[in-house]
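Listed below are the residues making up each chain.
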Amino acid sequence: MARKTASGEIGEESFDTVPTGRRIAVMKLVPAVVLGVLIGGLVALSLSNIGGAAAGFVVATLLSAYYLYRKPLPSAVFGTGLYLTAGLLVLAPILFYVPTILAPDSSSGAEEAGAFVGSILGLFLWGFVFFLIALVVFTLGYFSNRRAKKKLSARASASQESYDP
């Protein structure tokens, strides 16, 4: 069945069209959901000492999966999801340990000092480890987004060449 697109070209209608005219792109949906759950997990880890980890997980998972699904290509979904993950990997130790460092504790003396020193050491140790992991994740996201940009520019040039007035 032929249909007319917004640009005036006539194209073939796909078999996997839902009655509303929208198609579900499984190749974009699966990485969007997987990366959305990963992002939600990092948000829940970050909020575990502050409170609201469960709500943060649900909200972050839904919002990030929706945002990532709207990307034009699966490689763009993957690259952008890795960018978001890298940013959260850097922030997770900070958000996890800073409330412990700043919160007044009901204990006194050595217990309070031990919690403070332990939190400072954890912040630096895990901050460094998560930063190194974030660097690798960010690099993978960069190459994936670069691939997506190349594909999109190739599509744009192919559609420009096919349209000759």
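See the structure printed just above.
Residues numbered from 1 in each chain as written. Predicted model: local features only at pLDDT ≥ 70, side-chain atom pairs only at ≥ 80, totals over all residues. Heavy atoms only, no water.

Peer 1: What am I meant to see in the side chain of Ser46 here?
Peer 2: Relative to the helices and strands, Ser46 is located in helix H1 (residues 26-46). Once you skip the residues sitting within four places of it in the chain, Ser46 turns out to touch Ala92, Leu95 and Phe96. (Helix = DSSP H or I, 4+ residues; strand = E, 2+ residues; numbered from the N terminus. Contact = heavy atoms within 4.5 Å.)

Peer 1: I keep staring at helix H2 (residues 53-69) and nothing clicks. Help me out?
Peer 2: Note that an α-helix has 3.6 residues per turn; residues three or four places apart therefore point the same way. The terminal C-alpha atoms of H2, which comprises 17 residues, lie 24 Å apart, in line with the 24 Å expected from a rise of 1.5 Å per residue. The set of residues buried in H2 consists of Gly56, Ala60, Thr61, Ser64, Ala65 and Leu68. All buried residues of H2 lie within an arc of 135° about the axis, which places them on one face of the element. Exposed residues pointing more than 90 degrees away from the buried face of H2 are listed as Ala54, Leu62, Leu63 and Tyr66. On its buried face, H2 is in contact with H1 and helix H3 (74-102). (Expected span 1.5 Å × (residues − 1). Buried < 20%, exposed > 50% of the residue type's maximum accessible area, 1.4 Å probe, protein only. Arc of directions from axis to C-beta.)

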